[in-house]
Amino acid sequence: MARMSLEITLLGSPRVMRDGVLVAFETRKAMALLAHLVMVEHPRPREALCELLYPGHDPDRARGALRRTLSTLRTGIGAEWLDTEHDRISLRRGPGLAVDVERFRTLAADKASPQSLEDAVALFAGGFLEGFSLRDSAEFDDWQLDVAAVLERELASALGRLVAHLVGRQDFGQAIPSARRWLGLDPLHEPAQRELIRLYAWNGDRAAAIEQYRSCVRTLSEELGVAPLAETAALFEQISDGTVAPPARREDPLKRPRPTRREAPSELPFVGRVRELPALFDAYVGARSNGGLAVIEGEAGIGKTRLADELVKRVRGSGGVVLAARCHDDEVGLPYGPVVELLREAMRIVEPDDWAQRVPGRHLVDASLLLPGLADLRAGLPDPLPFDGPGAQVRLFEAIASVISSACQGAEPAVVLLDDAHAADEATLDAITYLGRRLEGRSILLVLNWRSEAVPPGHRLRRLAVDLARAGNATILSPARLDESEVAHLVRSAHSDGKGPEFERRVFLESEGLPLFVAEYLAAIPAGGGAAGGTLTMELQGLFDRRLEGLGEATSQVLGAAAAIGRSFDIDILRNASGRSDEESVTALEELVARGVIRESSSSESVYDFSHSKLRELVYDRTGLARRRLLHGRIAAVIGGAHRGGQTAGLVAAHLRLAGDQMGAAEQHRLAAEQAVSVNAHADALEHLEAALALGYPDAAAAHERIGDLRTLLGDYGGAIASYETATAYCEPDARAAIEHKSGNVSHRRGEWDRAESRFTSALDSAPIDAIGLRARIQVDLSLTLHHAGQFERAAVLAREALALAQTADDPRAQAQAHNMLGVIARSHGDPKGALEHLKRSLELALELSDGPAEAAALNNLALVERDAHAIPTALELTERALTICANYGDRHREAALENNLADLHHAAGNETASMAHLKRAVAIFSEVGADEATRLPEIWKLVSW
């Protein structure tokens, strides 16, 4: 029966028209099955379709349900459109079939004309299967979301190119709707935001351009907690000033010549094979009498072919014969293809008149079955025999071996090279295996190159190599990746102008030492440019594609989960995150290791790594957005549950952010900041807090205040004050006094006594009346500032008042600070006994509170009193204790001051070597502290007590 027409609409609400009549399916599963068959490229196994449409069902029940759904679909669209043979189901393509998705992709192709792009975006009437879902199949919904995300990205690309065309024609009014639609797909995409802002301005609507910029600011602030990029802000300034320049007429992007790819050097130097090449040449020499086999195996791109080529050059240079052929994956269905290539090479090498003496006539006749020209090399050949008898195949193999061996005759051993042997067809494998087992008496080195992952244990080629190796007649080589010095040598050979060690290291890191990747990266570098590490070349893309093709559904899911975890992944986390069973996960890992996609880590039996970072990126990019989010959520839950309390909050935060849980990620970043502080990693803590704010952490005042605290410890005093000011802007009025107090302390550290006094006074004015302990602590610090400023009497009065307030409030922390200050004042007044009394009480309270900063301050000031009494050993011991405490909580400024005090004490003790060592450390730390000139003022160096 002739097929009629079938029109399938999947963009927007799904619809099917058969011969112009709308098809109404009895079940939603029929529409789901049809949509899936339309979008997949290969026939789908029934088992996979059962898992997609009927997850969690008993296998027999699922198969029964699939048969009923298939019957419904067949009734609706016609049996002629379905192929259900061999337990696989597919949609038959051909005349009469129209699918809107396929039409869209044709219209939106890379070199599409402006009219085609307009037609493409017009055809995209709605999202993929818009409004359609299966309530009982999360697997189908995930697949649907993945496909929808891919198509949405393709629509965004088409809209972007269409806008560029219209702007090139200066048709701004027509470009605006397309730009709006482009932006609507991803409001956070700033290039689209900028293009729409420009279009409004170029179209004369300045108010709309300004409003669009403000909308951009709101969107980025609400969604990401960040400001627009500098380029976007500069565009706004130009529009506000009326200086935005009209665009020049743009060249049609499709007519613009593509940048020429710089070709890699015709042949990069041969490096890094100091062991393999000599071993290969030894195998060649050893093949003189009884032949031999040499195997070069390894991952794709490791340089197997180049190693063999070096041998070939040496052999040909010494007068030896070389027959070479290469196997191709896309010719695996062509029997004996590489063998024919070897026979043709043999014909080319041997003079026609010599064949009569070299090869028996029967062998030429039999071999001519593969290469008919062989029969013309000698007159009077016997009639061909039929090749359907019991010994026909052996006759053919012997004929092949005879012709090849005859061509290899000479004074030197010959080389028969089969490159990419893993891709050989079965017939070629038969012939090569036959030859390999009959090398005795033939002066031939049979060289086979193969990818390790494609020749698993038990493969006939591997069995051949193992058997001959046991007999001492085979050499097996596995080249390693190049090290950094070897990659640098290649870079310098390709760029004689010299690009420096940093560039060489970048190429090494990007290529990870794979020779092919090094060559490809060097080839991708524009003249005068840097490494092109962000993209994959076509050759690398194809190489990775070959590793990934044909993976089963479960293996693909496990691989996608691994890519979401990261470059390295733990098997337990992988199993829980992927949702696959233990057996499925292990089976998948074994397959992925065999293919060279991942490799076992040398550090742990349960940890695996991707064989190359770009491969991991490719797998991740091909995992749909919805699936990625699901995976990241699972990974965060697994890591958080398995390692609760460990230093994992930052990792959990990263996965929650990628899962779309911004609030959860923000809280984890805050926890990660505190974990970092606990190990004195203040710079890391700052990054986590800033990330939390960018994700919309709700308590912005607390986060900014904490950032100010950390910047204070790191000595970034200008940044600390800015953070405190921001915190003050966000906080409740009752909290301002505490933040003003901290700002005053930063000014005090900078030696800005007047400014510190002003901030402390402001803090006292805004402090709640009932916050007696806080007021006491502020007064103590104000007292210290006045003391340093020379206002000794006023400082003493404030210190005594502060102690009274602290005792009234029963605030031991404030009491510790007040006693410390009174000890400083007593020492300055020449009252060592009073100073010791107050300082020892301060130390006792600090120890009770486990207050490191207060303990360090009391110890330092006690040491100064002991130094005044010439008790240098005691002063040294106290100062060393203070230094240890200070270093533990990470206050760089006070650590430097203590080093300086130690230098003075050792000088007083006559130990100039130790004094100079401490002074150098003090200078080194002081040079690191702060980001402004204030921290370099002499007052900062005078920080002896605090």
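Preceding this section is the structure that the text describes.
Just so you know, these numbers come straight off a predicted model, no measurement behind them. (Residues numbered from 1 in each chain as written. Predicted model: local features only at pLDDT ≥ 70, side-chain atom pairs only at ≥ 80, totals over all residues. Heavy atoms only, no water.)

**Student:** Let's hear about the pattern of salt bridges: which residues, and what values?
**Tutor:** In this structure the tally under the stated criterion is 44 salt bridges. Across the pair Glu211 and Arg218 runs a salt bridge whose closest N-O atoms are separated by 3.2 Å. (Salt bridge = Lys/Arg side-chain N within 4 Å of Asp/Glu carboxyl O.)

**Student:** Quick one: what's the story with the nonpolar core, residue by residue and with numbers?
**Tutor:** Formed by 78 residues in total, the largest nonpolar core has its most connected members in Leu10, Leu34, Ile77 and Leu91. Among the elements that take part in this core, helix H6 (residues 138–168) stands out by supplying twelve residues, more than any other. With near-sequence residues (within four places) excluded, Leu34 lies in contact with Ile8, Val16, Phe25, Leu73, Ile77 and Leu91. Counting residues in each nonpolar core, the second largest holds 55 residues, with Val295, Ala414, Ala423 and Leu429 among its members. (Core = buried A, V, L, I, M, F, W, Y, C linked by side-chain atoms within 4.5 Å. Buried < 20%, exposed > 50% of the residue type's maximum accessible area, 1.4 Å probe, protein only. Helix = DSSP H or I, 4+ residues; strand = E, 2+ residues; numbered from the N terminus. Contact = heavy atoms within 4.5 Å.)

**Student:** I'd like to hear about the packing of aromatic side chains, residue by residue, with values.
**Tutor:** Taken as a whole and assessed by the stated rule, the structure comprises ten aromatic pairs. Note on Phe569 and Tyr608: the rings are 6.1 Å apart at their centroids and 15 degrees apart in plane angle, and the pair reads as stacked. Of the two residues, Phe569 sits in strand S13 (residues 568–570) while Tyr608 sits in strand S15 (residues 607–610), which places them 39 residues apart along the sequence. For the residue pair Phe569 and Tyr608, the accessibility class agrees, reading buried in each case. One aromatic cluster is present, built from ring pairs that chain together Phe128, Phe132, Phe140 and Trp143. Here the guanidinium or amino end of Arg314 rests over the ring plane of Phe281, the centre of that ring lying 5.8 Å away. (Phe/Tyr/Trp six-rings, centres within 6.5 Å; stacked < 30°, edge-to-face > 60°. Lys NZ or Arg CZ within 6 Å of the ring centre and 35° of its normal.)

**Student:** Requested: an account of unusual backbone geometry, with residues and values cited.
**Tutor:** If you check the backbone angles, Asp19 has positive phi at about 55 degrees while not being a glycine. Considering the arrangement of structural elements, one finds Asp19 in the loop between strand S2 (15–18) and strand S3 (21–22). Even without glycine at this site, Asp420 takes up a positive phi of about 55 degrees.

**Student:** Can you lay out the pairing of strand S8 (residues 292–298) for me, pointing to particular residues and giving the numbers?
**Tutor:** Of all seven residues in S8, seven are buried, a share of seventy percent or more. Side chains Gly292, Ala294, Ile296 and Gly298 project from S8 onto one buried face, and the interleaved Leu293, Val295 and Glu297 project onto a second face that is buried too. Summarising the sheet, S8 and strand S11 (residues 444–451) pair through seven bridges and their orientation is parallel. Opposite Gly292, over in S11, you have Leu445 as the bridge partner. Relative to strand S12 (residues 474–477), S8 runs parallel, the two being bridged by four bridges. Across the sheet, residue Ala294 finds its bridge partner in S12, namely Thr475. (Pairing = 2+ DSSP bridges.)

**Student:** Let's hear about the sheet that holds S11: which residues, and what values?
**Tutor:** Overall, parallel pairing links the five strands, which are arranged S9-S10-S11-S8-S12 in an open sheet. Each edge of the sheet is formed by a strand with only one pairing partner; in this case those strands are strand S9 (322–326) and S12. Recorded for the sheet is a direction-independent mean angle of 15 degrees between the axes of neighbouring strands. (Axes fitted to C-alpha atoms, helices over the stretch in contact; angles between N-to-C directions.)

**Student:** So, helix H10 (residues 230–241): which residues are in play, and what are the values?
**Tutor:** Over its twelve residues, H10 extends 16 Å from the first C-alpha to the last, a length consistent with the 16 Å expected when each residue adds 1.5 Å. Among all positions in H10, only Thr232, Leu235, Phe236 and Ile239 are buried. On an axial view of H10, the arc spanned by its buried residues comes to 100 degrees, and they lie on one face. In this structure, H10 carries Ala230 and Asp241 as exposed residues pointing more than 90 degrees from its buried face. Looking one or two residues past H10, Gly242 carries a phi angle of roughly 75 degrees, positive in sign. (Expected span 1.5 Å × (residues − 1). Arc of directions from axis to C-beta.)

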